[in-house]
Amino acid sequence: MGAPETQGLGVRFAANLVLPAATLAGYFVGGAWTWAGFVAYLVCYVAIDAAAPHDLHEPPRTAGLLRDVLLFAQLPLVAVCWLWFAALFRVGGGYDLFGAAASLTVTIAINGTVTAHELVHRTSSPASLAAGRLLLAFILDAAFSIEHVYGQHARVATADDAATARRGENVYAFFWRSTTRSFVSAWAIEAERLARRRHALWSWHNRNLRGVGLSLLLIVVSVAIGGLAAGAAFVAVAVFAKFFLEMTNYVEHYGLVRAPGTPVAQRHSWDTAARFSAIGMFNLGRHAAHHMKGNQPYWALPLAGGAPKMLSGVPASAIIAAVPPVWFRMMRSRLARWDRDCASDGERTLLGIPNRRGVRSG
């Protein structure tokens, strides 16, 4: 465990800078080096998570400026990577652009959406919300800032939650269902808010429309810099990065259930203490604690001893989920353990299995 003052400053979370640094270095050198960001992702977020001891740091007792600086630094870093990517289409082509696209995808997925997830929970800070929604525009889904905060956190692990994967549902079917239902939910939440404030639905006051406008602006700028090919490539990158986000949702909640109206507990999210997932994803792996108190800053999230555990870190678990037969086989025993040791009688009834008094639901 590092020195208390180092933890207080949040220096260890600077590991989050690895991906944009590798991506930009690869763009600068060119050639096969354009894959550098993607390779760094595999090494740090998959290999190190699998090999390194778990991160068991307790939250620091005091706030540290660097932790917030690291959050807001992600927006210009992602923006520079995106602009440079578009500019590559003016000077080159071929397979190197595939490497550039792969590196930008993981940079947006990790440094963009993970950071945005933290920022949009800071609902009392206009600057945080603006930065978070702009980062989400890079995955064409600024509506996530509405549905996740006001929708999923209220409905998590229930049948009404679009972002909770059902048992036996593969990640590809989940991607489509979660994306479409989440947008519909975000639109309904925003319509209700606008009605309360007596604003027109089709107006600048609609945050969903502003989010769509931001994404369209990013596409237009991509075309202006690198031509139609750059615009099309950016859309493809954005869709793949959005898929990364939904894969994260998938592994964080797969197969868990909660009876509507009951409190959210640690058992309703899969947790991980994988080391690089912790320091490189702003403690996203401490997801059970996050759902217990959504407005708690990332650095203050405690370890949730009572939460079920993921197969590995978030990215490695997502890679396993990309092969559904393997995922289902590996999760079967974990779900059986959750049913036996964690589920309440009401949750066991929802699953159609005997409760602890031997009563089976009808």
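Above this note sits the structure.
Bear in mind that the values here come from a model prediction, so they are computed numbers and not experimental data. The residue count restarts for each chain, going from 1 along the sequence in the order it is written. This being a predicted model, a pLDDT of at least 70 is required before a residue's local features are given, and a value of 80 or more before pairs of side-chain atoms are given or counted; all residues contribute to the totals for chains, interfaces and linings. Note that the side-chain values use all heavy atoms of the structure and ignore hydrogens as well as water.

**Student:** In this structure, what is going on with the overall build of the chain? I would like to understand it.
**Tutor:** Scanning the chain from terminus to terminus reveals 15 helices and zero strands. The globule rule used for comparison is 2.2 Å times the number of residues to the exponent 0.38, while the radius of gyration itself is calculated over C-alpha atoms. Here the chain has a C-alpha radius of gyration of 21 Å; the compact-globule value for 362 residues is 21 Å, and the two agree. Seen through its principal axes, the chain has C-alpha atoms that stretch 70 × 55 × 45 Å. Relative to its full complement of 362 residues, the chain shows a buried share of 54%. Only heavy atoms enter the contact rule, under which two residues are in contact if any of them lie within 4.5 Å. When contacts within the chain are restricted to residue pairs at least 6 apart in sequence, those whose partners lie at least 24 apart make up 69%. Only DSSP runs of H or I covering at least 4 residues are called helices, and only runs of E covering at least 2 are called strands; the numbering of each starts at the N terminus. Categorising residues by exposure relies on relative accessible area from a 1.4 Å probe, with only protein chains included: less than 20% of the type maximum marks a residue as buried, more than 50% marks it as exposed, and the intermediate range marks it as partly exposed.

**Student:** Just checking my understanding: could you explain the side chain of arginine 193 for this structure?
**Tutor:** With respect to the helices and strands, the residue arginine 193 is situated in helix H8 (residues 171-196). We classify arginine 193 as buried; its relative accessible area is 13%. A polar side-chain atom of arginine 193 sits 2.7 Å from a polar atom in the side chain of glutamate 190. Apart from the residues within four sequence positions on either side, arginine 193 is in contact with His205 and Arg207. Pairs of N or O atoms within 3.5 Å make up the polar contacts considered here, provided that, within protein, one atom can donate a hydrogen while the other can accept it, and that residues adjacent in sequence are counted only when both atoms are side-chain atoms.

**Student:** Would you take a moment to explain the nonpolar core for this structure?
**Tutor:** The nonpolar side chains of a soluble globular protein tend to be buried with one another. Take the buried residues of types Ala, Val, Leu, Ile, Met, Phe, Trp, Tyr and Cys, join any two whose side-chain atoms come within 4.5 Å, and each joined set is a nonpolar core. Ranked by internal contacts, the top residues of the largest apolar core, which has 78 residues, are Tyr45, Phe85, Ile108, Tyr250, Val251, Tyr254 and Trp327. Broken down by element, this core gets its largest block of residues, twelve residues, from helix H5 (residues 96-120). Ignoring any residue separated from it by four or fewer positions in sequence, one finds tyrosine 250 in contact with Ala165, Glu169, Asn170, Val171, Phe174, Ala321, Trp327 and Phe328.

**Student:** What's the story with helix H13 (residues 314-321) in this structure? I'm lost.
**Tutor:** Each α-helix winds once per 3.6 residues, and so residues spaced three or four apart point in a common direction. Of all eight residues making up H13, six are buried, and the element is well covered by its neighbours. All of the buried residues in H13 are Val314, Pro315, Ala316, Ser317, Ala318 and Ala321. In the core, the buried residues of H13 are packed alongside helix H3 (36-51), H8, helix H10 (228-253), helix H11 (275-280) and helix H14 (324-341).

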